[in-house]
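Working through the structure, step by step
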Amino acid sequence: MTNQQPSRREFLKYAAGIAGALAVQYISPLEALAKGNKPERKKSHKKEATPFQQKIKKMRVANYADFGNDPDEVLLAKMLFGEARSCSDLEKVAVAYTPLNRAEDGVAWNGRTLKEAILEPFQYECFNLGNANRDKLKAPNKYDSKSFDQCLKVARDVLSGRYQDPTNGATTYYNPTTIKEPERFKKMQKIGRINTSQGPSKHVFYKEK
């Protein structure tokens, strides 16, 4: 049996019903905004900080909170106290020049100012959280006032330009009696030890190539 064809009136009535239904369901983007319906936004996929990134942030906050208000000469003296207080004055001068050279070498990681070159995370071991020297740097006069006074004198003389850089541009160093040569140093230019009145320096110096 064939299907019976609808009449013209029935067809128009059916078409009108379909159009009405579509009119109810469709809302233009402009109408949606007018009614307060906000378009759905894509969810951001922000990566969580890694444990290492969290450690860097924690160290940066701690360093600037504890030492960020120190004048440059005091901050430099504290670095010398933590890194080289048992060294000769000439070796102290060499160590003191490393953050100054870092601030001028154009390497972002090394900092752009003396303060950044000293306080940014992992720049100088004595400022690392957990390092035995760190708490002493908060009040070095209470721990060894004579040594700190000498570090302060060297820092002032270096910043005033009284002494030239005995390393010719060193930005870092290490002490072979405490650690082996860091792997990253092999990509740097080795300057070596410097001669002092007490013999060869304890530290071996390097600079960026």
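Worth saying up front: this structure is predicted, and the values here are computed from it rather than measured.

**Description of the overall build of the protein chain**
Helix and strand counts for the protein chain stand at eight helices and five strands. Listing the helices and strands of the protein chain from first to last along the sequence gives α-α-α-α-α-α-α-α-β-β-β-β-β. Residues counted as buried form 37% of the 209 residues belonging to the protein chain. Counting only contacts in the protein chain whose residues sit at least 6 apart along the sequence, the fraction spanning at least 24 positions is 63%. Total accessible area computed for the protein chain in this model is approximately 14500 Å², and 52% of it derives from carbon and sulfur atoms.

**Remarks on the confidence of the model for the protein chain**
Counting all residues, the mean pLDDT for the protein chain is 86, and 78% of those residues have values of 70 or more. In the model, residues 1–27 has pLDDT below 50 throughout and makes three contacts with residues more than four positions away in sequence or in other chains.

**Observations regarding the sheet that holds strand 1 (residues 172–174)**
Adjacent strands of a sheet form backbone hydrogen bonds with each other and so pair up, either parallel or antiparallel. Taken in spatial order, the three strands line up as 1-5-2 in an open sheet, and their pairing is antiparallel. Lying at the two open borders of the sheet, with one neighbouring strand each, are strand 1 and strand 2 (189–192). Each neighbouring strand pair of the sheet contributes to a mean axis angle of 30 degrees, computed without reference to strand direction. Sheet analysis places strand 1 next to strand 5 (residues 204–207), joined by three bridges and oriented antiparallel.

**Some words on the packing of aromatic side chains**
As enumerated under the stated definition, the model contains nine aromatic pairs in all. The interplanar angle of 15 degrees and the centroid separation of 5.8 Å between the aromatic rings of F52 and F122 together place this pair among those described as stacked. Highlighted residues: F52 in helix 3 (residues 51–67) and F122 in the loop between helix 6 (114–119) and helix 7 (134–138), separated in sequence by 70 residues. By relative accessible area, which is 31% here, F122 ends up partly exposed. Here the aromatic rings of Y174 and F185 are separated by 6.0 Å at their centres, their planes lie at 70 degrees, and the arrangement is edge-to-face.

**So, the layout of surface pockets**
Estimated volume of the largest pocket: approximately 700 Å³. Listing elements by their share of the lining of the largest pocket, those giving two or more residues are helix 4 (72–84) and strand 1. At four residues, helix 4 tops the list of elements feeding residues into the lining of the largest pocket. When its residues are assigned to classes, the lining of the largest pocket shows 11 nonpolar, 10 polar and six charged. Roughly 160 Å³ of internal volume is contained in the second largest pocket. Contributing to the lining of the second largest pocket are R102, V107, W109, N110, F122, Q123, T171, T172, R184, M188 and E208. Taken together, the residues that form the lining of the second largest pocket break down as four nonpolar, four polar and three charged.

**What about the packing of helix 4 against helix 5 (residues 89–104)?**
Relative to each other, helix 4 and helix 5 sit at 125 degrees, their axes nearing to 10 Å. In terms of orientation, helix 4 lies oblique with respect to helix 5. Regarding helix 4 and helix 5, the two cross each other, and that crossing is right-handed. In contact with L76, M79, L80, E83 and A84 of helix 4, helix 5 contributes K92, V95, A96, T98 and P99. Across the contact of helix 4 with helix 5, the residue classes break down as seven nonpolar, one polar and two charged.

**Re the nonpolar core**
Among the nonpolar cores identified, the biggest contains 31 residues, and M79, L80, V95, I118, Y124, F127 and F205 are the most heavily contacted of them. Those elements giving two or more residues to this core turn out to be helix 4, helix 5, helix 6 and helix 8 (140–160). For this core, the leading source of residues is helix 4, giving seven residues. Grouped together as the second largest cluster of nonpolar side chains are five residues, Y174, F185, M188 and V204 included.

Definitions and cut-offs
The numbering scheme is per chain: residues are counted from 1 as the chain's sequence reads. Given that this is a predicted model, residues contribute local features only at a pLDDT of at least 70 and side-chain atom pairs are listed and counted only at 80 or more, while totals for whole chains, interfaces and linings are drawn from all residues. To get the side-chain values, all heavy atoms of the structure are used, and hydrogens and water are removed first. Put simply, DSSP marks the helices as runs of H or I at least four residues long and the strands as runs of E at least two long, and each gets a number from the N terminus on. We call a residue buried when its accessible area falls under 20% of the maximum for its residue type, exposed when it is over 50%, and partly exposed in between, using a 1.4 Å probe and counting protein chains only. Contacts were defined at the residue level, with two residues in contact if any of their heavy atoms lie within 4.5 Å. For the accessible areas, the method is Shrake-Rupley and the probe is 1.4 Å, while residue cover comes only from the protein chains on display. Per-residue confidence from the prediction method is given by pLDDT, with values spanning 0 to 100. DSSP bridges decide pairing: two strands pair if at least two such bridges lie between them. Axis lines are fitted through C-alpha atoms, for helices just across the contact stretch, and the angle between N-to-C directions can take any value from 0 to 180 degrees. For Phe, Tyr and Trp, where Trp contributes only its six-membered ring, two rings pair if their centres lie within 6.5 Å, and the inter-plane angle classes them as stacked under 30 degrees, edge-to-face over 60, or tilted in between. The rule is simple: put a 1 Å grid over the protein atoms alone, call a set of points where a 1.4 Å probe fits but cannot get out a cavity, call an open set with protein on both sides within 12 Å along at least five of seven lines a pocket, and count a residue as lining if it has an atom within 4 Å of a point. Grid points are joined across faces, edges and corners, and a volume is the space filled by probe spheres set on the points. The classification used treats Ala, Val, Leu, Ile, Met, Phe, Trp, Tyr, Cys and Pro as nonpolar, Asp, Glu, Lys and Arg as charged, and all other residues, Gly among them, as polar. Between 65 and 115 degrees an angle is taken as roughly perpendicular, under 35 as roughly parallel, over 145 as roughly antiparallel, and anywhere else as oblique. Each crossing gets its hand from how the near helix is turned against the far one by less than a right angle, where anticlockwise is left-handed and clockwise is right-handed. Residues belong to one nonpolar core when they are buried, are Ala, Val, Leu, Ile, Met, Phe, Trp, Tyr or Cys, and are joined through side-chain atoms within 4.5 Å.

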